[in-house]
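Here are the chains, one letter per residue:
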Amino acid sequence: MTTDLPSTNPSDELHDNDTDPHTPHHPGLSPAPFDPDAIVVTGIGAVLPTGRGPEALWSAWRQAQPALSPYRDPYVRTRKISHFGHVPDALQEESRDSVPHKLRKFGTPFTFNAVLAAQDAMAAAGESWQQVPEERRGLYVAQDDSTDLSAAAFHKALDKARTDHSPEAGVSMTRLVAEAFGNAATFNPFTVIRALNNNTLALISIAQRFRGDCAAFVQDAGAALGALQRAAFTLREGTCDTALVVGAGSYNEPLKLAAQYRAGHLTPGGPDGAALRSFDAERDGTVLAEGAVALVLERAGDAVARGARPLVTFLGAALRPAVDSGVGPSALAEGPRGLLAEHGLTPDTLGAVLADGKGTVRHDAAEAELLRALLKDSGVPVGSLRPVTGTLGAAGPLAELALAPHLFATGELPQIAHLRTPPDDGTDFVMGAPRKRRIDSVLSLHSTFNGFAGALLAQRPHTD
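This section reports on the structure supplied with the text. (Residues numbered from 1 in each chain as written. Predicted model: local features only at pLDDT ≥ 70, side-chain atom pairs only at ≥ 80, totals over all residues. Heavy atoms only, no water.)

1. Describing the overall build of the chain
For step 1, the next point in the chain: Along the chain, the regular secondary structure elements total 15 helices and 16 strands.
For step 2, the next point in the chain: Within the chain, contacts between residues at least 6 apart in sequence are counted, and of these 79% link residues at least 24 apart.
For step 3, the next point in the chain: Carbon together with sulfur atoms contributes 52% to the accessible area of the chain, which is approximately 18,500 Å² in total. (Helix = DSSP H or I, 4+ residues; strand = E, 2+ residues; numbered from the N terminus. Contact = heavy atoms within 4.5 Å. Areas by Shrake-Rupley, 256 points an atom, 1.4 Å probe, with all protein chains shown as cover.)

2. Quick word on the environment of Thr391
For step 1, the next point in the chain: When you line up the elements, Thr391 lands in the loop between helix H14 (386-389) and helix H15 (396-410).
For step 2, the next point in the chain: You can call Thr391 buried: its relative accessible area is 3%.
For step 3, the next point in the chain: C-alpha separation for the pair Thr391 and Leu288, spaced 103 residues apart in sequence, amounts to 4.8 Å.
For step 4, the next point in the chain: Aside from chain neighbours lying at most four places away, what touches Thr391 is Tyr251, Thr286, Val287, Leu288, Ala289, Lys358, Arg386 and Phe449.
For step 5, the next point in the chain: Side chain to side chain, Thr391 and Thr286 meet in a polar contact 2.7 Å long. (Buried < 20%, exposed > 50% of the residue type's maximum accessible area, 1.4 Å probe, protein only. Polar contact = N/O pair within 3.5 Å; in protein donor to acceptor, adjacent residues only side chain to side chain.)

3. Let's talk about the packing of helix H8 (residues 220-237) against H15
For step 1, the next point in the chain: Between H8 and H15, the shortest axis-to-axis distance is 7 Å and the interhelical angle comes to 60°. Between H8 and H15, the crossing angle belongs to the class labelled oblique. Residues Ala221, Ala224, Leu225 and Leu228 of H8 form the contact with H15, whose own contacting residues are Pro397, Leu398 and Leu401.
For step 2, the next point in the chain: Residues belonging to the contact of H8 with H15 are distributed by class as follows: seven nonpolar, no polar and no charged. (Axes fitted to C-alpha atoms, helices over the stretch in contact; angles between N-to-C directions. Parallel < 35°, antiparallel > 145°, perpendicular 65-115°, else oblique. Nonpolar A, V, L, I, M, F, W, Y, C, P; charged D, E, K, R; others polar.)

4. Some words on the packing of helix H4 (residues 109-124) against helix H7 (residues 199-207)
For step 1, the next point in the chain: Close contact between H4 and H7 brings their axes to 9 Å; oriented N to C, the two are set at 45°. Between H4 and H7, the crossing angle belongs to the class labelled oblique. In the packing of H4 onto H7, the handedness of the crossing is right-handed. Contact residues: Phe110, Thr111, Phe112, Ala114, Val115 and Ala118 in H4; Asn199, Thr200, Leu203, Ile204 and Ala207 in H7.
For step 2, the next point in the chain: Of the residues in the contact of H4 with H7, the class split is eight nonpolar, three polar and no charged. (Left-handed = near helix turned anticlockwise from the far one by under 90°.)

5. Examining the nonpolar core
For step 1, the next point in the chain: Grouped together as the largest cluster of nonpolar side chains are 52 residues, with contacts concentrated most on Trp61, Val293, Leu295, Leu297 and Leu401.
For step 2, the next point in the chain: Val99, Trp129, Phe210 and Ala292 belong to the second-largest nonpolar core, a separate cluster that totals 29 residues. (Core = buried A, V, L, I, M, F, W, Y, C linked by side-chain atoms within 4.5 Å.)

6. Quick word on the packing of aromatic side chains
For step 1, the next point in the chain: Per the stated rule, a full pass over the model turns up five aromatic pairs.
For step 2, the next point in the chain: Seen in terms of ring centroids, Trp58 and Trp61 are 5.9 Å apart; in terms of plane orientation they differ by 85°. Their pairing is edge-to-face. Here Trp61 and Trp58 lie together in helix H2 (residues 54-62), a separation of three residues that amounts to about one turn.
For step 3, the next point in the chain: Trp58 gets classed as buried once you look at its relative accessible area, which sits at 8%.
For step 4, the next point in the chain: Measuring from ring centre to ring centre gives 6.4 Å for Tyr251 and Phe449, while their planes differ by 80°; the resulting arrangement is edge-to-face. Of this pair, Tyr251 sits in the loop between strand S7 (242-250) and helix H9 (254-262) while Phe449 sits in the loop between strand S15 (441-447) and strand S16 (452-459); the two residues are 198 residues apart in sequence, bridging distant segments of the chain. (Phe/Tyr/Trp six-rings, centres within 6.5 Å; stacked < 30°, edge-to-face > 60°.)

Below you can see the structure in the form of structure tokens.
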């Protein structure tokens, strides 16, 4: 199911509850003065298992309705992978249709999702954003290590070659490779772009006409944090006037699925359908997913000058080696603690924490220890989006940043779906129902499968 985008800027609705008497200001927290150089988000686009747009994501999270389903793929037969966060088929078609026909042979399904998410984010940022010169538009892409040629692409090409009765038929390696790249008539070397880890960057830059500063970051959630850092840096340095940050990818590739299964990271699936149980005593693994999220970033002064309304202020991100690299949870807490201190915040003045909550026994145990070390009974509520979307990889941190405006507007932190038995009493995991609370700042925590951990910090924007 897809969700239509609103015809007006959704930020109008998101700020209706800014003065809600039921969500008082947190003690000790006073609004910061307007900073024209602050980095703000003015447009959001999302193509995820929950559907199209941040509203669909928020609705699923708030109602604790996971968008995970039994794994399916026409070229993969397995009983080992029980669930997956699939982008709905109809939405996947919308993504493909958003890419100009002549460019489709250079893309992959998940980069098509990225193009549609970018298109929606740019539209949400307002018409005046389109007046920014192409050479002043920065593009920063985070992509999973998802590439084509994939094993599934070869499988599909081989099947077609076996059933092709045309005069040109055959299973020569040249024809097989060309078919797998989507260009069977002649092997065009330019289609190798589909096999590169900057495929998303290439397709968006061509389809949406970006000619300014650009960079591509690869591998899991850490790529998104790197892209955000680079975008904020170039905006502050004046290298570009706007920055589009896109996170996209898919774990739906046979070799990647097999690697995660062999590592013991995947849930076998529960009989009650609770496939991903973040932090619960009965957790038994994660559910992998796919999708894309795009954010338009710019300086607050520029946004206000062109009539746009900032949705969230991005304060910063931190990334460092994690438990998988031999760094203990207590030491890992220093990264987010330093990020808070840099912006005059402490755990006591935080509005909410969004934990990674992958659902594996080892990752969640380490994160629970990190939360204890970081929060130290501060009473800050902890939520997690993971049971709803699955593990999104490069799109994960951007999805949580995209939800921050809803947290600010509603004063609600949704429950962690399926959490019944939390790891300890020292951390305030949100269970059973959304938590009512004035939320002015959000700390989002992330870990990767390749040995890194990171955090990002966001704040309610101030435009007065």
